[in-house]
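Coordinate inspection notes
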Amino acid sequence: MQAAKKKLITLVVTTSIGMIVFGIWILAIYFGMLPEAKQYTPQPFADAFSGINALFAGCAFGGVIFTIWLQITELNETKDELKKTAEANEAMARANVELARSADERAVLEMFQTYCSDYFQTVKDSSMSVLIACVASRDYCEFVATRFFVAGQLPLPPGAWEKVSRVSYCDNFEEFVRQEQRNRYKLDELINFFTMLVGRSNAGNIVARCDVSYSWWRPLLWLIAKAQQNHYNLNPIVRQYATPMYLTDTLRKLDRIYSFESFRTDDDFWEFFLHHPKVRSYGLDDAYLARGSLASSQRQPLPATA
């Protein structure tokens, strides 16, 4: 609206100046042709037009000044428009961030509702059955860690049952074998849940206020993460076919969210794990006390068969 008004004013001013100049030119011709003009100059017509030339030169200079003024005004208006556009873009960016944060917060709350559901209680119970068995038997823990990879998988060690039986609800090894795979699938589902939970980077405060019992899961999941990493490092065939391992990064993010001090070295983890009161209550396998590699028995590369 202001631009249209300005164009109209410019048109009126330019037209008025043109009409004034044209009127002066007509008057100069008129007065130059009058006989009385010869009383003042021998060449009234030429002198009149000389004056007009000076007038035109002055008008041209005034036009230059007027043009410069218009350009300065337009530059200021452009600057104002750019400033308004930048402010609008910034406001839109803030709104998008808030919208994304709100979306992440809603997603976290929905995930927390899933975590508290009856169905997910089955996931947690099954996962805990696997994790407690990993604490009770180092051999079984190595087996579980290898099952996260498509290559280099170990068979279920029958000798692990003697230690696992002390913490298992199964009456015999055959029953344990029937339930064990289903429970491992539930553990994988639990790990995926935590991976998606920390993926909501804009909702860390909301995640921290959701009680997902991370202090209970932490030593057990870190045990699996360390076993995974060890198996990955020791076996080239695993590295060849493995997908990226997200569990370690997921646990580091959860540590930050729930204000746990991160493990800087493997020794830090083993110091934490071996003295954890809950871990020891699960019947900690003496094989862990050496604090050696979780896969110390796997010094040779495994075959490519899954």
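Residues numbered from 1 in each chain as written. Predicted model: local features only at pLDDT ≥ 70, side-chain atom pairs only at ≥ 80, totals over all residues. Heavy atoms only, no water.

**Regarding the pattern of salt bridges**
Pairs can form between side chains of opposite charge once their charged atoms are near each other. Evaluated as defined, the whole model comprises 8 salt bridges. Between Arg-218 and Asp-255 there is a salt bridge, with its nearest N and O atoms 2.8 Å apart. Placement of Arg-218 in helix H8 (residues 214–234) and of Asp-255 in helix H10 (residues 247–257) is noted, with a sequence separation of 37 residues between them. Comparing Arg-218 with Asp-255, the two get one shared label, buried. With a closest N to O distance of 3.8 Å, Arg-264 and Asp-268 form a salt bridge. Owing to a relative accessible area of 71%, Arg-264 belongs among the exposed residues under this scheme. Since its relative accessible area comes to 29%, Asp-268 is described here as partly exposed. (Salt bridge = Lys/Arg side-chain N within 4 Å of Asp/Glu carboxyl O. Helix = DSSP H or I, 4+ residues; strand = E, 2+ residues; numbered from the N terminus. Buried < 20%, exposed > 50% of the residue type's maximum accessible area, 1.4 Å probe, protein only.)

**What to know about H8**
Taking 1.5 Å of rise per residue, the 21 residues of H8 would be expected to cover 30 Å, and the 29 Å separating its terminal C-alpha atoms lies within 8% of that figure. Of all the bends found along H8, the most pronounced is centred on Leu-220 and spans about 25 degrees. In terms of burial, H8 is a largely internal element, 15 of the 21 residues being buried. (Expected span 1.5 Å × (residues − 1). Bend = angle between axes of the 7 residues up to and from the residue.)

**Overview of helix H11 (residues 266–274)**
Among the residues of H11, those classed as buried are Phe-269, Trp-270, Phe-273 and Leu-274. Within H11, the buried residues cover an arc of 110 degrees as seen down the axis, which keeps them to one side. (Arc of directions from axis to C-beta.)

**Thoughts on the packing of aromatic side chains**
With the rule as written, the count across this model stands at 19 aromatic pairs. Relative to Phe-273, the ring of Trp-270 has its centre 5.8 Å away and its plane inclined at 85 degrees; by these criteria the two rings are edge-to-face. A residue pair is termed a helical-turn pair when its members lie 3 or 4 positions apart in one helix, as Trp-270 and Phe-273 do in helix H11 at 3 residues. Exposure remark for Trp-270: the relative accessible area of 7% places this residue in the buried category. The exposure class of Phe-273 is buried, given its relative accessible area of 0%. An aromatic cluster is built from Trp-222, Phe-263, Phe-269, Trp-270, Phe-272, Phe-273 and Tyr-288, whose rings are joined through pairwise contacts. Here Arg-218 stacks its cationic end above the ring of Phe-272, 4.9 Å away from the centre of that ring. (Phe/Tyr/Trp six-rings, centres within 6.5 Å; stacked < 30°, edge-to-face > 60°. Lys NZ or Arg CZ within 6 Å of the ring centre and 35° of its normal.)

**Digging into unusual backbone geometry**
With a phi angle near 55 degrees, Ser-213 is a residue other than glycine that sits in the positive phi range. Relative to the helices and strands, Ser-213 resides in the loop between helix H7 (204–209) and H8. With a phi close to 60 degrees, Ser-259 is a non-glycine residue in the positive phi region. One can find Ser-259 in the loop between H10 and H11.

**Side note on the packing of H8 against H11**
Their axes nearest at 11 Å, the elements H8 and H11 cross at an angle of 140 degrees. Judged on the interaxial angle alone, H11 and H8 are oblique. Here H8 and H11 pass one another in a crossing that is left-handed. The residues of H11 that touch H8, namely those facing Arg-218, Pro-219, Trp-222, Leu-223 and Lys-226, are Asp-266, Phe-269, Trp-270, Phe-272 and Phe-273. (Axes fitted to C-alpha atoms, helices over the stretch in contact; angles between N-to-C directions. Parallel < 35°, antiparallel > 145°, perpendicular 65-115°, else oblique. Left-handed = near helix turned anticlockwise from the far one by under 90°. Contact = heavy atoms within 4.5 Å.)

**Describing a nonpolar patch on the surface**
A cluster of nonpolar side chains, namely Val-64, Ile-65, Ile-68 and Ile-72, defines an oily patch on the protein surface of about 330 Å² accessible area. Note on placement: Ile-72 falls in helix H2 (residues 44–115). (Patch = residues over 30% accessible without salt bridge, like charges linked within 9 Å, V, L, I, M, F, W, Y side chains within 5 Å. Areas by Shrake-Rupley, 256 points an atom, 1.4 Å probe, with all protein chains shown as cover.)

**Some remarks on the side chain of Glu-180**
On the secondary structure map, Glu-180 appears in helix H6 (residues 173–198). Among the residues examined, Glu-180 registers a relative accessible area of 3% and is labelled buried. Of note is the side chain of Glu-180, whose polar atom sits 2.5 Å from the side chain of Arg-184. (Polar contact = N/O pair within 3.5 Å; in protein donor to acceptor, adjacent residues only side chain to side chain.)

**Quick notes on the confidence of the model for the chain**
For the chain, per-residue confidence averages 80 on the pLDDT scale, and 70% of positions sit at 70 or higher. This stretch, residues 295–306, has a pLDDT under 50; its non-local contacts, to residues over four places away or in other chains, come to 30 contacts. (pLDDT = per-residue confidence, 0-100.)

**Quick notes on the environment of Leu-154**
Examined against the element boundaries, Leu-154 turns out to sit in the loop between helix H4 (138–146) and helix H5 (161–164). In this structure Leu-154 comes out as buried when scored by relative accessible area, which is 18%. Here the alpha-carbon distance between Leu-154 and Val-144, two residues 10 residues apart in the chain, equals 8.4 Å.

**What about the nonpolar core?**
Nonpolar side chains in soluble globular proteins generally cluster together in the buried interior. Counting 55 residues, the largest nonpolar core has Tyr-140, Phe-194, Leu-223 and Phe-273 as the members making the most contacts within it. Phe-194 has contacts with Val-212, Trp-217, Leu-221, Thr-250 and Leu-254, leaving out every residue within four places of it along the chain. (Core = buried A, V, L, I, M, F, W, Y, C linked by side-chain atoms within 4.5 Å.)

**Overview of the environment of Ile-257**
Positionally, Ile-257 belongs in helix H10. The spacing of Ile-257 and Val-207 is 50 residues in sequence and 7.3 Å in space, taken between C-alpha atoms. Setting aside its immediate chain neighbours within four residues, Ile-257 contacts Val-198, Gly-204, Val-207 and Ala-208.

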